[in-house]
Amino acid sequence: MPIQQVCTVIRMAQLNPTTWWMALNAGKLAEEHGLRPSQFLHIKCGDGQLLRRPVSVSEAVTSQTEPEDIVSIIFEVRGEGTKWLSQRKLGDKLDVLGPLGNGFDFNESGRYLLVGGGIGIPPLIGCADELCEHSTAVLGYRSKDKAVPWVIDRFRERCQETIVCTDDGSLGRHSFVDSQAREVLTKDKDFTAILACGPKPMLKSMARVAAEFDVPCQVSMEERMACGIGACLGCAIRMKDGTMRHVCKDGPVFKAEEVDWDA
């Protein structure tokens with residue numbers, strides 16, 4: 001059950017010209033309310049913005065020594081709301097609604113292929129942390145200037161193997177993530193599942209690759225959200241059985257084979 005929580009900004013850093021990392025003191029959102037990486041928070045971004053902004057959780061850490069959980073988010077400045085969020089200072093208070101949505105379902109003893117594209121990469125950081133080197137990561141960016149070295153290094157520290165690729169070849173391999181994932185699976189398809197997060201065309205391609213190698217695949221969908229709790233139809237997507245599901249409430253994570261990718 002989501003709650004409204006006032007969170008305090010305790011750390012902040014600019015990771016590239018458009019991307020920011022922020023750490024929050026978040027009460028007991030993780031310990032008592034179950035907030036997990038790949039779920040999201042709905043953040044009020046200033047009095048002039050009517051709608052909250054959904055931001056995926058990268059890390060949610062409980063501590064025996066600290067009175068509050070520490071929650072980390074990584075976001076891109078894309079409009080007035082996220083611009084306002086990037087201008088916060090240490091000690092500022094944020095009006096937050098969460099936990100929201102359903103995150104990735106995985107077992108720490110399993111072996112997973114983590115596939116992320118662009119701003120869809122940060123929600124996978126917490127998964128890599130929890131899997132403790134039982135994972136391989138494929139990370140894709142449009143170009144070198146869009147990449148976030150700090151994020152890449154986190155995956156390299158945690159994953160058994162980390163493959164970086166760019167659309168234009170300016171960093172890592174000149175390739176798309178689905179091609180790199182196919183190459184990984186051709187050599188070894190003994191993965192418990194694929195966990196994928198990124199733009200819809202990328203997820204559609206990953207669903208096709210997963211089906212080709214008969215590996216279960218979970219996808220975290222990106223859709224515009226208004227209410228964040230399933231009351232409106234702004235983030236509805238069609239499933240293969242003809243039903244409509246809300247990304248904010250039923251997702252953002254779905255089984256790839258259940259999504260109607262041609263809708």
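Quick caveat: nothing in here was measured; it's all calculated off a predicted structure. Think of each chain on its own: its residues are numbered from 1, step by step along the sequence as written. Reporting of local features is limited, given that this is a predicted model, to residues whose pLDDT is at least 70; pairs of side-chain atoms are given and counted only at 80 or more, and all residues count toward the totals for whole chains, interfaces and linings. As a rule here, side-chain values come from all non-hydrogen atoms in the structure, and water together with hydrogens is ignored.

1. Some points on the overall build of the chain
Along its length, the chain carries five helices and 15 strands. Two things to know: the radius of gyration comes from C-alpha atoms, and the globule rule equals 2.2 Å times the number of residues to the power 0.38. The C-alpha atoms of the chain give 18 Å as radius of gyration, which agrees with the globular expectation for 263 residues (18 Å, within 12%). Seen through its principal axes, the chain has C-alpha atoms that stretch 50 × 40 × 35 Å. Exposure is judged per residue with a 1.4 Å probe applied to protein chains only, and the accessible area is read against the type maximum: over 50% gives exposed, under 20% gives buried, and values in between give partly exposed. In the chain, which comprises 263 residues, the share counted as buried stands at 51%. Secondary structure is summarised from DSSP: a helix means a run of H or I of at least four residues, a strand means a run of E of at least two, and numbering begins at the N terminus for each.

2. So, the nonpolar core
The criterion is simple. A nonpolar core is a set of buried Ala, Val, Leu, Ile, Met, Phe, Trp, Tyr and Cys residues joined through side-chain atoms within 4.5 Å. Core analysis: the biggest nonpolar cluster contains 36 residues, and Leu113, Val115, Ile194 and Met221 have the highest contact counts within it. Broken down by secondary-structure element, the contributors of at least two residues to this core are strand E6 (93–100), strand E7 (112–117), strand E9 (161–166), helix H4 (177–187), strand E11 (193–197), helix H5 (200–213) and strand E12 (217–220). Setting aside chain neighbours within four positions, we find Val115 in contact with Leu124, Val138, Val177, Ala181, Ile194, Leu195, Ala196, Cys197, Met202 and Met206. The criterion used for residue contact is that any of the two residues' heavy atoms lie within 4.5 Å.

3. Re the packing of aromatic side chains
Any pair of aromatic rings gets described here by the distance separating the centres and the angle formed by the planes. Whether two aromatic rings pair depends on their centres lying within 6.5 Å, for rings of Phe, Tyr and Trp, where Trp uses its six-membered ring; planes under 30 degrees apart make the pair stacked, over 60 edge-to-face, and the rest tilted. What the rule picks out here adds up to two aromatic pairs. The interplanar angle of 50 degrees and the centroid separation of 5.9 Å between the aromatic rings of Trp21 and Trp150 together place this pair among those described as tilted. Taken together, the residues Trp21 in strand E2 (residues 19–25) and Trp150 in helix H3 (residues 149–158) connect sequence positions 129 residues apart. In this structure Trp21 comes out as buried when scored by relative accessible area, which is 13%. Residue class for Trp150 comes out partly exposed when judged on its relative accessible area of 35%.

4. Quick look at the sheet that holds E6
Strand pairing in a sheet takes place through backbone hydrogen bonds and is either antiparallel or parallel in direction. Paired strands are those between which DSSP finds at least two bridges. If you trace the six strands once around the closed barrel, you get E1-E2-E5-E4-E3-E6, paired in antiparallel fashion. Here the strands of the sheet are splayed against their neighbours by 45 degrees on average, with no regard to which way each runs. Note: strand E3 (residues 40–43) against E6, three bridges, orientation antiparallel. In the strand pairing of E6, Phe40 is matched with Leu100. To define axes, lines are fitted to C-alpha atoms, for helices over the stretch in contact only, and angles between the resulting N-to-C directions are given on a 0 to 180 degree scale.

That's the geometry; what it means functionally is another story.
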